[in-house]
Amino acid sequence: MKAFGRVQDVLLDAFSFCRRIGGAPAAPGIVLVLLTGCFRTPPPADLRIINGPEPESLDPHQITGQADGRIALALFEGLTRYDPRTGQPVPGLAARWEVSTDGTVYTFHLRPEAAWSDGRPITTADVVWSWQRALAPATANEYAGALFPLRNARAFALGELDDFTRVGVRAVDARELQVELESPTPFFLDLLAYSPCTVVPRHVIEPIGDRWLHARPFAASGPYTLEFWRLNDRVRLRRNAFYWDAANVRCEVVDLLSCVSPNTALNLYESGAVDVVWDKELIPTHLLDELRRRADFHTYNFLGTYFIRCNVTKAPFNDPRVRRALALAVDKERLVRRITRGGERIAACLSPPGIMNGSVPYRPPAGLDHDPEAARRLLAEAGFPGGQGFPVVEYTYNTAPSHRNIALELRDMWQRELGLRLELRQLEWKTWLAAQSALDYDLIRSSWIGDYDDPNTFLDLFLSDNPNNRTGWRNGRYDALLREANAEPDAARRQERLAAAEHLLVAEALPVIPLYFYVGMACFDDARVHGIHLNLRGENPLWAIGKEAAPAPP
Amino acid sequence: MNLLLRRLVWMPPLLLVISLLAFCLVRLAPGGPFDRERKPASPEIERALQERYHLDEPWWRQYLRFLGGLARGDLGASLKYRSHTVTDIIRQGLPASLAIGGGAFLLALGLGVPAGFYSAVRRGRWEDFGVSFLILLAVCIPAFVVGPLLAMVFAVRLGWLPVGLWGSPLHAVLPVVSLGLYFAGRIARLTREGMFETAQQDFIRTARAKGLPETAVLVRHALPLALLPVASYSGPMLADLLTGSFVVENLFQIPGIGVFMVNSSLNRDYTMVVGLVLLYAGLLLGLNLLVDLLYGWLDPRTRHG
C-alpha cells in the first residue's frame, strides 16, 4: 500500500512538473499531427527503377549526366531513337529519311501522327526551333556540340553568326525537313537520338521560360510524360497517350528513384521495393564477388574508358619515352582482377571493344602491352637508368576508394619495375577538375564516357584545340588524321585514318595511359522485367521495358 | 523583455554577416559550379552560363543582387539543380527533415531524460552501471553504424519496416531511431550530471529537512534545475536535427535537406549554400532565444537576474 502511494506521488509530481514547463504534454500530440502532414503516399508505380543521383535537370538542352539523360529521353524524342537491343539509331519522330550520295544532305520525313502529350501536332517548325534553342548561346547548353555537324552551327553557337537561317536546317513543309552538314558524319543519326538534339515544346517554353518543366499540362514529345518530380525522391512518368508508338509503351506508370548509397540501393532491391538498379555506381564493390554469381546480376561492356592523363608540359613527362615506359610497366590485368573485379577488360587503346565506325565495327590499334623489360630500357634511354635522377612523381586522383586502390597498385608497380617514387594526392571532385584543367598535376586519374557510338567521341578529346584535352599535348599530325577521317565518306578509308590517329595516341605519343574499359552493371530479374538489353551505350529506352505482375504469394 | 527585444533586433544584422561570410567563403573554394569532367563545346557556352547566373559580375554586385532577391523572399536559382530555385528545394525537402528531426528530438528527450534521471537516482548501484553503459553505447556508436544495423535487422531480415524511401510514418521509424539514439545518450548524460550537481545544493537539503518525500524532492525540486544544461543543449541540438542529417538521409534515401547541406558546398552550388546556411543560422538563433526564455521558466533565479 505504501509502495502504491509512492507511485501515485511520483505520477502526480511528474504531472505537475509537466504543467510547470508549459503545454508539454500536448506537444507530442501536436507534433504527431504535424508529422503525418509531412507524408504524401503516391499510389505504387508499375515499374520502379533506381536510376542514380538526383537529376540536375530534365531539360534535354541543359542536362549533362547519363542518369538525367535516361529520363529526358523518355520525355523528349529526336528524329531518331535508340534501338533497345543494339543501341543503334532507328526512326523516331522521323519515319524515314534520305541521304545524299556525298553524305552531307539529309531529308527527314516527320511522322504525320507525331504529337505533343497535350495533343498538339509536332511539326518540322518545332524541330528547327528546338535546334536553334539547343545551339543559342543564351541557352547555355553545355552539350551544344552534338549539333555542330550542322553547317554553320558552330559559328552560331559561338555567337559569330546571328542569323539562324544560315544554319544547315530548313523546314521544307510541315513534314519535310532538310539538313545540311559541314562534312559527312557517320554518327549523325546516332547524335539525333541524343538528348541535346531532341525536340522540346516551343509553345510551353516561350511563354513560361525557365520554369517550363513545372508547367501543366506537360508537353512531352517522347513515350512518357512527367507526372511529378519530387526532389531526391523520384521522378514519376506516365505513358504519353499521344506518342506515335504509344501502343508499344509497355508500362503505364514508371518511377525513377534517386539514390546515391550502394547499400541502400541493394537493400531496396532485395526487399522488393524496386525492380531494377541500373547505375554501376550503386553496386556495392565489396559484394561484387558474391553478386556476380547471381542470375539477376548483369554486367555488360560499356562505352567508357579509365585512363591516366600525363602532363606533357612538365619534365620529365614531356618525353614520350618516359610516358611509354610508364604505360609498359603497368600490369593492368592485376588492376581489373584485384580492384575493379567487375569483369572489366584491360585497355591498350581508348576506343572500347564493340564500338562502330558507321555501320561496320571499328578495329582499334593494338597499343602497348605489359612489358617491364622494355619499360626499363626506355627509361634508361630517356636518361633515368633504374629510375635514378627521376623526380618524385605526384599521382592525383579524386576521392573514391577504387581510385585510391588503383593509385596504390600503380605506386607499387612503378616503384618495383622502374624504381620511381610516387606520391599520392587525393582531391575532392571539383578541386580535382580544377587541377586537371589548370594542368596542375604530373599524372592524374581520368576517364571518359562516350556520347555516341563512334571512336571520334574518344579521339577528338585530344585534338589540340579541344578544351577537354587537358594534357597540354598538341600534335598537328593527329589533328590532321582525325579531320581527314571525319571528312571521309568511305568506311574502310575512315577506319584506316582513325586507327592511325589512335595508334599515334596510344602507342607512340601517349599523353594518356589507358588502363581498362568500363563495364556496366545492373540488378534485375529477367524473368520478371523484360526489355532491358544492356547494349554498349547503356541506353535502355524506358518504353521497351515491361514487367510481369509479381506471382501471388503462396 | 528588454533582453528579448534586444536579441530580436540583433538577429537580422547577424544573419546578414553570416550570409556574407558564407557567400564569400564558398566562392573561395577551387573550381566552380559548372566545372565538369567534360567541358562545354566552346568557351562561349561557358561564358553564357556564367552570365546567365551573373557569376561574371564583381562579387559585391552579386551579393547586392542576392540581398535584393532576399528582400523579395527569393534565394535565387540553384546552380546545380537548374530547374529548381533554392526556395523550391528547401520547401520540398524541409518537411521530411522536420519530421525526422522532430521525431529524433522527441525520442532523445523521451528516452534521455528518464534514463539519466533513473541512473542518477540509482547512483552507484548496478542499475546505474547498466543504464550508464547503454548511454555510453548510444553516444559512441555513430548513426552510420546504427542505421545499417537497424535496417538489416528490422527491414531486411524481419521485414517489419521499409528499408528506405519516404511515403508513410512507417518510413520514418528507422531514420528517427538511428538519428535520435546518439542525442538520447547525450541528453541522458547531461540529465544525470545535472542531477548530481543539483542534489548537493542547499535548497535540496532544505527540502529534505522540511520532510518532503524523496520522490517529491527529486522530481519537483531537483529535476527542473538539473534540466538546465539539457535545455541549453536542446537549442543547437534541435537546429541540428531539424536541418536534416546527411548520413541518415543518405542511408534511408530520405528526400530531406540534410543531403543538400553537405553536397551543395561540394557542388559549389553557391546560391544553395548561402540559402541553407541562412536557414540553419536563423533556426539556431531562434532556438537559442527560445532556450533562454525556457531558462526563466525552469530556474526561478534567472528571472530576476
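What you are looking at is a predicted structure, and each value in this text was computed from that prediction instead of being measured. (Residues numbered from 1 in each chain as written. Chains lettered and ligands numbered in written order. Predicted model: local features only at pLDDT ≥ 70, side-chain atom pairs only at ≥ 80, totals over all residues. Heavy atoms only, no water.)

When helices and strands are tallied, chain A shows 17 helices and 21 strands. Along the first, second and third principal axes, the C-alpha atoms of chain A reach 100 × 70 × 50 Å. Looking at chain A residue by residue over its 554 residues, the buried ones come to 58%. In chain A, 69% of the contacts between residues at least 6 apart in sequence involve partners at least 24 apart. (Helix = DSSP H or I, 4+ residues; strand = E, 2+ residues; numbered from the N terminus. Buried < 20%, exposed > 50% of the residue type's maximum accessible area, 1.4 Å probe, protein only. Contact = heavy atoms within 4.5 Å.)

What follows deals with helix α1 (residues 2-28) of chain B. Residue and element names in this part refer to chain B. An ideal rise of 1.5 Å per residue puts 39 Å on 27 residues; α1 measures up with 40 Å between its terminal C-alpha atoms. Where α1 bends most, at Met-11, the angle is about 30°, and the proline Pro-12 comes one to four residues later. Here α1 has its buried residues at Leu-4, Met-11, Leu-15, Ser-19, Ala-22, Phe-23 and Val-26. Tucked into the core, α1 has its buried residues touching α3 (59-71) and α13 (270-298). (Expected span 1.5 Å × (residues − 1). Bend = angle between axes of the 7 residues up to and from the residue.)

Moving on: the interface of chain A and chain B. Across the boundary between the two partners, chain A contributes 72 residues, which contact 61 residues of chain B. Across the interface of chain A and chain B, roughly 5,800 Å² is buried in total on both sides, 56% from carbon and sulfur atoms. By the criterion of area lost to chain B, the three top residues of chain A are A:Glu142, A:Leu231 and A:Lys430, representing 13% of everything that side buries. Between chain A and chain B we count eight salt bridges in total. A salt bridge links B:Arg52 to A:Asp210; the nearest nitrogen and oxygen atoms lie 2.7 Å apart. One can count 27 residue pairs in polar contact (both at pLDDT 80 or more) joining chain A with chain B. Secondary-structure elements contributing two or more residues to the side of chain A that touches chain B are α1 (2-20), α2 (26-37), β8 (224-230), β10 (253-258), α8 (262-270), α14 (429-437) and β18 (443-449) of chain A. With eight residues, the top contributor of residues to the side of chain A that touches chain B is α1(A). The residue inventory of the side of chain A that touches chain B, partitioned by class, reads 33 nonpolar, 21 polar and 18 charged. (Buried area = accessible area lost by both parts, 1.4 Å probe. Salt bridge = Lys/Arg side-chain N within 4 Å of Asp/Glu carboxyl O. Polar contact = N/O pair within 3.5 Å; in protein donor to acceptor, adjacent residues only side chain to side chain. Nonpolar A, V, L, I, M, F, W, Y, C, P; charged D, E, K, R; others polar.)

Let's shift gears to helix α12 (residues 258-266) of chain B. All names here are of chain B. Taken as a whole, α12 has its buried residues at Gly-258, Val-259, Phe-260 and Ser-264. Residues of α12 that are buried make contact with α4 (86-121), α11 (246-251) and α13. Downstream of α12 by a residue or two, Arg-268 has a phi angle that is positive, lying close to 55°.

Summed over all chains, the structure comprises 50 salt bridges over all chains. A salt bridge links A:Asp233 to A:Arg230; the nearest nitrogen and oxygen atoms lie 3.1 Å apart. Taking the relative accessible area as the measure of exposure, A:Asp233 reaches 0% and is therefore buried. According to the relative accessible area criterion, A:Arg230 is buried, its value standing at 14%. Residue B:Glu127 pairs with B:Arg122 through a salt bridge whose shortest N-O separation is 3.4 Å. Take B:Glu127: its relative accessible area is 14%, and that puts it in the buried class. Taken together, the salt bridges that share partners define one network made up of A:Glu56, A:Glu142, B:Arg36, B:Lys80 and B:Arg82.

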